[in-house]
Amino acid sequence: MEIGQDTMLAGSSYKAVIGGPGGLRDEEGKVWFYPYEGFLPYAPDSLPLLLYDFELQVGDSFQAPLDTAYWLKVVERDSVQLLDGNYRGRLRFEEGYSSD
């Protein structure tokens, strides 16, 4: 995935995904996705979609962005070192479950 220039989607600034399905925005440890019109086969309940929340702690639950009945539970939180020496947070989830 290659990230391009800034683009405006629904009045907010996003980074365009080159040749991809929409734009991404990072806001206070949360990564939001706004799909281009026609990308999703259905209309989600709300946009943008929350893809990642790096503020989650072990034991927290996270609603899957494309299936609102599907939840993920954080079971481990650590970090991984990238090739450039920087560290990034990593979350491990247990298999999803229905909120019903």
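Residues numbered from 1 in each chain as written. Predicted model: local features only at pLDDT ≥ 70, side-chain atom pairs only at ≥ 80, totals over all residues. Heavy atoms only, no water.

1. Some thoughts on the overall build of the chain
Definition in use: The helix and strand labels rest on DSSP assignments: H or I over at least four residues marks a helix, E over at least two residues marks a strand, and numbering proceeds from the N terminus. Contact definition: two residues touch when any of their heavy atoms are within 4.5 Å. All accessibility values rest on the Shrake-Rupley procedure with a 1.4 Å probe; residue burial counts only the protein chains present in the view. A residue counts as positive if it is Lys or Arg and as negative if it is Asp or Glu; His and the chain ends are not included. Charged side chains are reduced to one point each, which is NZ for Lys, CZ for Arg, CG for Asp and CD for Glu.
Each helix and strand in the chain was counted, giving zero helices and eight strands. Starting at the N terminus and walking to the C terminus, you meet the elements of the chain as β-β-β-β-β-β-β-β. Summarising its shape, the C-alpha atoms of the chain cover approximately 40 × 35 × 20 Å along the three principal directions. For the chain, contacts bridging at least 24 residues in sequence account for 18% of all contacts bridging at least 6. When the accessible area of the chain is evaluated, it comes to approximately 7,100 Å², of which 50% is carbon and sulfur surface. Charged side chains in the chain number 8 positive and 17 negative. The centres of these two groups are separated by 6 Å.

2. Section: the pattern of salt bridges
Two side chains of opposite charge can pair, provided their charged atoms sit close to one another. Under the convention used in this document: By definition here, a salt bridge exists when the distance from a side-chain nitrogen of Lys or Arg to a carboxyl oxygen of Asp or Glu is within 4 Å.
Counted by the stated rule, this structure contains four salt bridges. A salt bridge links Asp-6 to Lys-15, with the shortest nitrogen-to-oxygen separation between them at 2.9 Å.

3. What to know about the nonpolar core
As a reminder of what qualifies: The nonpolar core is taken to be a set of buried Ala, Val, Leu, Ile, Met, Phe, Trp, Tyr and Cys residues, with the residues joined through side-chain atoms within 4.5 Å. Using a 1.4 Å probe on the protein chains alone, a residue whose accessible area is under 20% of its type maximum counts as buried, one over 50% counts as exposed, and one in between counts as partly exposed.
Membership of the largest hydrophobic core is limited to six residues, which are Val-17, Leu-24, Val-31, Phe-33, Leu-40 and Leu-49. With five residues, the next largest nonpolar core counts Leu-56, Phe-62, Leu-72 and Leu-91 among its residues.

4. Some thoughts on the sheet that holds strand β1 (residues 3–9)
The condition that has to hold: Note: two strands are recorded as paired if DSSP finds a minimum of 2 bridges between them. With axes taken as lines fitted to C-alpha atoms, and helix axes fitted only over the stretch in contact, angles between N-to-C directions fall between 0 and 180 degrees.
The strand order β1-β2-β3-β4-β5 describes an open sheet built from five strands, whose pairing is antiparallel. Of all the strands in the sheet, just β1 and β5 (49–53) have a single pairing partner and so form its edges. Taking each pair of neighbouring strands and ignoring which way they run, the sheet shows an average axis angle of 35°.

As far as function goes, none of this settles anything; it's purely spatial.
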